[in-house]
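Here are the chains, one letter per residue:
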Amino acid sequence: TIMIIKANNMSRNLTTAVNLAQNKLDDLKTASYGSITNSSEDDLDEQGVPNNGIFDRSVSVTPSTDPDYKTVEVEVSWSKYKARKVALKTIITE
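Just so it is clear, the model here is predicted, and its values are computed rather than measured.

Please give an account of the environment of Ile92 that cites residues and values.
Considering the arrangement of structural elements, one finds Ile92 in strand β4 (residues 82-93). For Ile92, a relative accessible area of 7% puts it in the buried group. Once the C-alpha coordinates of Ile92 and Val18 are considered, the two residues, 74 residues apart in sequence, prove to be 19 Å apart.

Got a sec to walk through the nonpolar core? Specific residues and values, please.
In terms of nonpolar packing, the biggest core is built from 17 residues, with Leu28, Phe55, Val72, Val74 and Val76 touching the most fellow members. Where this core is concerned, the elements lending two or more residues are α1 (2-30), β2 (55-64), β3 (69-80) and β4. Element by element, the count of residues in this core is highest for α1, at 5 residues. Setting aside residues no more than four positions away along its own chain, Phe55 makes contact with Asn13, Thr16, Ala17, Leu20, Glu41, Asp42, Asp43, Leu44, Asp45, Val76, Ser77 and Trp78.

Reading the values: the criteria
- Residues numbered from 1 in each chain as written.
- Predicted model: local features only at pLDDT ≥ 70, side-chain atom pairs only at ≥ 80, totals over all residues.
- Heavy atoms only, no water.
- Helix = DSSP H or I, 4+ residues; strand = E, 2+ residues; numbered from the N terminus.
- Buried < 20%, exposed > 50% of the residue type's maximum accessible area, 1.4 Å probe, protein only.
- Core = buried A, V, L, I, M, F, W, Y, C linked by side-chain atoms within 4.5 Å.
- Contact = heavy atoms within 4.5 Å.

Pasting the structure below:
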């Protein structure tokens with residue numbers, strides 16, 4: 001029974017982490033090109049509200065030229081029972 005509870009929690013946390021990463025990517029895709037920079041947020045809850053949860057989210061931006069674009073990776077990590085993370089990556093053009 002304890003293993004089932006842990007597995008259910010892990011599944012829920014994984015789904016939440018993917019949603020937090022995808023939501024951030026969606027926000028960045030609609031942001032002005034110049035405002036897309038490295039950033040981090042700590043202790044997010046399931047809705048992405050800071051200071052109330054177990055999730056940390058970071059954005060890593062690698063700019064390229066000729067043509068101009070940015071490779072953006074959003075990583076969400078958490079450590080309940082065991083350290084875990086998910087990462088999503090996309091390319092955003094000017």
